[in-house]
Amino acid sequence: MNKICYIAILFSLFVVQVVPSCLFSSPENRMQKFAEMHEQKKIDNPQMLFEMGKIFLKNPENTFVKNEYFQRMIVSGYSSHVLHYFLLSPQKKLENDDMKTILFALQKGKHYNLATEFKDRLEGEFSVKLEQFSEVMDTLECYNQQIKDNPNGASFAQRGKFFTKLGEQDLANRDLDQSMRLYPCNPDALFQKIMNHFNSENTREIISLLDKCENRINSKSPVWKSTFYELAKNIEEVEQSNEAREGKLFRKANLYVNNGFPEIALRNSQELLKMRNNNADYLALQAFIYYRMNQKSQALKYITEAEQITGKSSKLKELIADMN
Amino acid sequence: MNHKERKSAVFTLLLLIVVFAAIDLLLGLFLIPQNFNHFRVRNTRFHHGLKKNVSANAVWGPLIYRFYTNNLAFRDVSVREVDLISDKRRILILGDSHSEGVGIDYRFTFAGRLQESGEKFDIEILNASAVSYSPKIHFLKADYLLNKMKLKVNEIWVVIDISDLQNEIAYQSFSSTEQKWYASVQEKFSRFFHKHSFTVFSISGIKEKKKTEIFNETLLGLKQQTGSLPNRNTLELYKEFFRTFEDEDLLKNPDFHAVSEWIYNEQLRDLADLGLKLGFENISKLNQLCSDQNIKLRLSVHPWQTQVLKGDTTDYYVENWRKFCQQENIDFINLYPVFINEENPLWIAQTCYIEGDNHFNETGHKRVAQYLSKYLNVQQ
């Protein structure tokens, strides 16, 4: 009788523990669960990536599991790990999804050194993009060589500008700072650094930079220095005012668009429209920004919306209509 | 109690033990988390090492990678037999986690790449590195391999970095003893129960609690300084290497765990100097051992991300080792210029190191391999 009891206890323990885990833990289910968790959690949560990795290891052939895991690894900064997965199986024919992943991993991780290893394995549009990707590395190597030969302010400024073009702000700033250490207030580096600060709307830094270079701003200096200084001061004044956020955004957008920074102005006006999308002034401002960016259809769309609210026709619409 | 009752009592007792064991193992099966470091073993001679002939999945932070060891318990491209004596010229690499290649498949580590390119020159590369090794362990392990195992090598390449300052201090109280004949059986039993018995797992967890608490407090301080915490599984390894370290005040000091900053911080310079002094003593012993066996010794230093961002190829650490090697007639290889040069330092930090980590990624390993490969074909 005792024996039967014990066997029954063991069996029930087995059923309680094993059966649910078998039923509810298919790789897709578990991966799906982690993928959903991402909505609440940061994508680079290491513990989550690690758990996903375990699921992937058990199911390397499951496309959904593989794609989901790789995507998150790449975004989290472990792209080289993903790329080497493909290099470990050189005989395997790459699917379109794989080629897309490889290109994404190369670009995201800046793995220019690995580009050649995939040269013969990517096809069609992916091959063309890989070629373009490799060209960036060639250019960068030229800049590196230039710095090696002449490690002066001008060479660092050149590479800093190149990194800016690539959208690598941190890398660009590091080079531009180095350039200005070697050649204080180097106009080339100063200009680029100010542009970068404008893009991140860091006007306080611009003022501080230009203040430092005040003694070097002389009659021979380019006009942009005083223009930028004035704009940065005006923006800073708006920031420091007691005005409500909406009012500040509106004034800043106007200042930016009127001083040749429509992209930054657009960020501000888009935020305004999120707050109130039926405000005719905001819509007209958005239209004007698109006009300055030479985007006719968008400009027309917003000015029409603004006119529908006010019921009046505007001069701006005529200007937009005359755009090429 | 008559015979029948006694028999019944014994039977019930046995049954209870069996049921307890079954439940214990069953609970262990579901509740004990998977251990990805089971191939790392303690060693009474050289503190710790790897198991022989392992084929496993290893983890480093969120990275999961394949891990193989050969019959000599060295990390390798696959599980394979390596003879103690070889006709080929042999180079033995001794290093820490960087040389072991944490987070990276072996063929993409610098040691794996050198192994591959060494074949062209008929050179065999063996890698006896493991996580948290430092000069003291390099000497003890080399002594064991050369004198006890009678492994024949032509060259030893010691690969060190700034973490050795801390490791040397942590291993100061470790004394090497002969491995007892029953030690491996004991270790196997212990591992089995830790891996499968929920009771043993829970009790050992309680025992470890004190040390864990000290670490948690300390690392909280470290988090305030650096803004990040090491991953759980790497933290367990890190804790393990302090197992013979008794200075709780130092363990509780967050600065003690930021070893890459020691040489730049005047208050910690004494600690850095102590680490250097201990390192010199141990490499000196290793140099003597190599001279006795006519083995060429080379020593290389490589930078962490912190050093790359500082941009100094001849810092306090490098210069001290360079001078020491000059005095001891050891070939010195400075790998700092491989990472600190005309390139953008932030670019190097972003592209050559594992995200948020001081270890090389595959790109960093490739650079090291390219640089070191020029020493492959240099005869004594």
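Residues numbered from 1 in each chain as written. Chains lettered and ligands numbered in written order. Predicted model: local features only at pLDDT ≥ 70, side-chain atom pairs only at ≥ 80, totals over all residues. Heavy atoms only, no water.

**Q** Whenever I open this one, the packing of aromatic side chains confuses me. Can you help?
**A** Geometrically, a pair of aromatic rings is defined through the distance of the ring centres and the angle of the planes. Summed over all chains, the structure comprises 39 aromatic pairs over all chains. Each ring, one from Tyr85(A) and one from Phe86(A), has its centre 5.3 Å from the other, and the planes form 85°; the classification is edge-to-face. Across the pair, exposure class does not vary: Tyr85(A) and Phe86(A) are buried alike. Their ring planes at 15° and their centres at 6.4 Å tell us that Phe189(B) and Phe193(B) sit as a pair that is stacked. (Phe/Tyr/Trp six-rings, centres within 6.5 Å; stacked < 30°, edge-to-face > 60°. Buried < 20%, exposed > 50% of the residue type's maximum accessible area, 1.4 Å probe, protein only.)

**Q** Explain a nonpolar patch on the surface to me, please; I cannot follow it from the model alone.
**A** All names here are of chain B. A grouping of Leu25, Val185, Phe189, Phe192 and Phe193 is seen on the molecular surface, where their side chains present a nonpolar patch of about 460 Å² in accessible area. For the nonpolar patch, the leading source of residues is helix 6 (residues 183-196), giving 4 residues. Here phenylalanine 193 shows up in helix 6. Among the residues examined, phenylalanine 193 registers a relative accessible area of 36% and is labelled partly exposed. (Patch = residues over 30% accessible without salt bridge, like charges linked within 9 Å, V, L, I, M, F, W, Y side chains within 5 Å. Areas by Shrake-Rupley, 256 points an atom, 1.4 Å probe, with all protein chains shown as cover. Salt bridge = Lys/Arg side-chain N within 4 Å of Asp/Glu carboxyl O. Helix = DSSP H or I, 4+ residues; strand = E, 2+ residues; numbered from the N terminus.)

**Q** Please clarify how the state of the cysteines should be interpreted in this entry.
**A** Put plainly, a disulfide is one covalent bond tying together the sulfur atoms of two cysteines. Evaluated as defined, the whole model comprises 1 disulfide over all chains. Two residues share a disulfide in this structure: Cys185(A) and Cys213(A), whose sulfurs sit 2.0 Å from each other. The S-S bond linking Cys185(A) to Cys213(A) shows a torsion near -90°; that makes this disulfide left-handed. Taken together, the residues Cys185(A) in the loop between helix 9 (169-182) and helix 10 (187-199) and Cys213(A) in the loop between helix 11 (203-212) and helix 12 (224-240) connect sequence positions 28 residues apart. We note that Cys185(A), like Cys213(A), is buried. Here Cys325(B) is not disulfide-linked; the sulfur of Cys290(B) is the nearest cysteine sulfur, at 12 Å. Residue classification places Cys325(B) among the buried positions, given a relative accessible area of 1%. Distance from the sulfur of Cys352(B), which forms no disulfide, to the nearest cysteine sulfur (Cys142(A)) is 19 Å. (Disulfide = S-S within 2.5 Å.)

**Q** What is the right way to look at the sheet that holds strand 9 (residues 296-301) of chain B in this model?
**A** Backbone-to-backbone hydrogen bonds pair the strands of a sheet. The strands run either parallel or antiparallel. Residue and element names in this part refer to chain B. Strand order across the open sheet formed by 5 strands is 7-6-8-9-10, with parallel pairing between neighbours. Sheet topology places strand 7 (123-127) and strand 10 (331-334) at the edges, where each strand pairs with a single neighbour. This sheet shows a mean twist of 20° between the axes of neighbouring strands, independent of strand direction. The pairing of strand 6 (residues 89-95) with strand 7 spans 5 bridges and is classified as parallel. (Pairing = 2+ DSSP bridges. Axes fitted to C-alpha atoms, helices over the stretch in contact; angles between N-to-C directions.)

**Q** How should I be thinking about the packing of helix 9 of chain A against helix 15 (residues 345-352) of chain B in this particular structure?
**A** Pairs of packed helices are described in terms of their axes, by the angle between the two and the distance that separates them. Contact pair helix 9 of chain A / helix 15 of chain B: the axes reach a minimum separation of 8 Å and the direction vectors enclose 145°. Contacts from Asp170(A), Leu171(A) and Arg174(A) in helix 9 of chain A reach Pro345(B), Leu346(B), Trp347(B) and Gln350(B) in helix 15 of chain B. (Contact = heavy atoms within 4.5 Å.)

**Q** For this particular structure, what's the right way to read the environment of Glu319(B)?
**A** Residues and elements named next belong to chain B. Examined against the element boundaries, glutamate 319 turns out to sit in helix 13 (residues 316-328). It is 23 Å that separates the C-alpha atoms of glutamate 319 and aspartate 255, two residues lying 64 residues apart in sequence. For glutamate 319, the side chain forms a polar contact with the side chain of arginine 322, separated by 2.6 Å. (Polar contact = N/O pair within 3.5 Å; in protein donor to acceptor, adjacent residues only side chain to side chain.)

**Q** Can you help me understand the side chain of His359(B) in this one?
**A** Residues and elements named next belong to chain B. For histidine 359, the position within the fold is in the loop between helix 15 and helix 16 (362-372). Histidine 359 sits in the buried class, given a relative accessible area of 11%. Only 2.7 Å separates the side chain of histidine 359 from the side chain of serine 97, close enough to count as a polar contact.

**Q** It is not clear to me how the pairing of strand 4 (residues 63-69) of chain B should be interpreted in this structure. Could you clarify?
**A** For a regular strand, side chains alternate in direction, first toward one face of the sheet and then toward the other. Residues and elements named next belong to chain B. Within strand 4, 5 of the 7 residues are buried, which leaves the element mostly enclosed by the surrounding structure. A loop of 2 residues connects strand 3 (residues 55-60) with strand 4, the two strands running antiparallel in sequence, and glycine 61 in this loop sits at a positive phi of about 60°. As judged from the 2 bridges shared by strand 4 and strand 5 (residues 75-76), these two strands associate in the antiparallel manner. Bridge pairing in strand 5 links tyrosine 68 to aspartate 76. Taking the residues that link successive antiparallel strands as the turn, the strand 4-strand 5 hairpin has 5 residues, and the phi of alanine 73 there is positive, at about 65°.

**Q** Before we go on, may I ask you to explain the confidence of the model for chain A in this structure?
**A** Caution applies to low-pLDDT regions: their predicted coordinates should not be interpreted in detail. On average, residues of chain A score 86 in pLDDT, and 89% of them reach the 70 mark or higher. For chain A, helix 1 (residues 2-24) of chain A is the element with the lowest average pLDDT, namely 62, and helix 8 (residues 153-165) of chain A is the one with the highest, namely 94. (pLDDT = per-residue confidence, 0-100.)

**Q** Looking at this structure, I do not really get the interface of chain B and chain A. What am I missing?
**A** Where interface size is quoted, it is often the accessible area lost as the parts come together. The interface is formed by 41 residues belonging to chain B together with 43 residues belonging to chain A. Of the roughly 3700 Å² buried between chain B and chain A on both sides combined, carbon and sulfur atoms contribute 65%. It is Pro62(B), Glu342(B) and Trp347(B) that lose the most area in chain B upon contact with chain A, and together they represent 18% of the buried surface on that side. The tally of links between chain B and chain A comes to 1 salt bridge. We note a salt bridge from Lys366(B) to Glu117(A), for which the minimum N-O separation is 3.2 Å. Our count for the chain B to chain A interface comes out at 8 residue pairs in polar contact (both at pLDDT 80 or more). Where the side of chain B that touches chain A is concerned, the elements lending two or more residues are helix 1 (3-31), strand 3, strand 4, helix 8 (232-240), helix 15 and helix 16 of chain B. Counting residues per element, the side of chain B that touches chain A draws most heavily on helix 1 of chain B, which supplies 9 residues. In the side of chain B that touches chain A, the residues fall into 21 nonpolar, 11 polar and 9 charged. (Buried area = accessible area lost by both parts, 1.4 Å probe. Nonpolar A, V, L, I, M, F, W, Y, C, P; charged D, E, K, R; others polar.)

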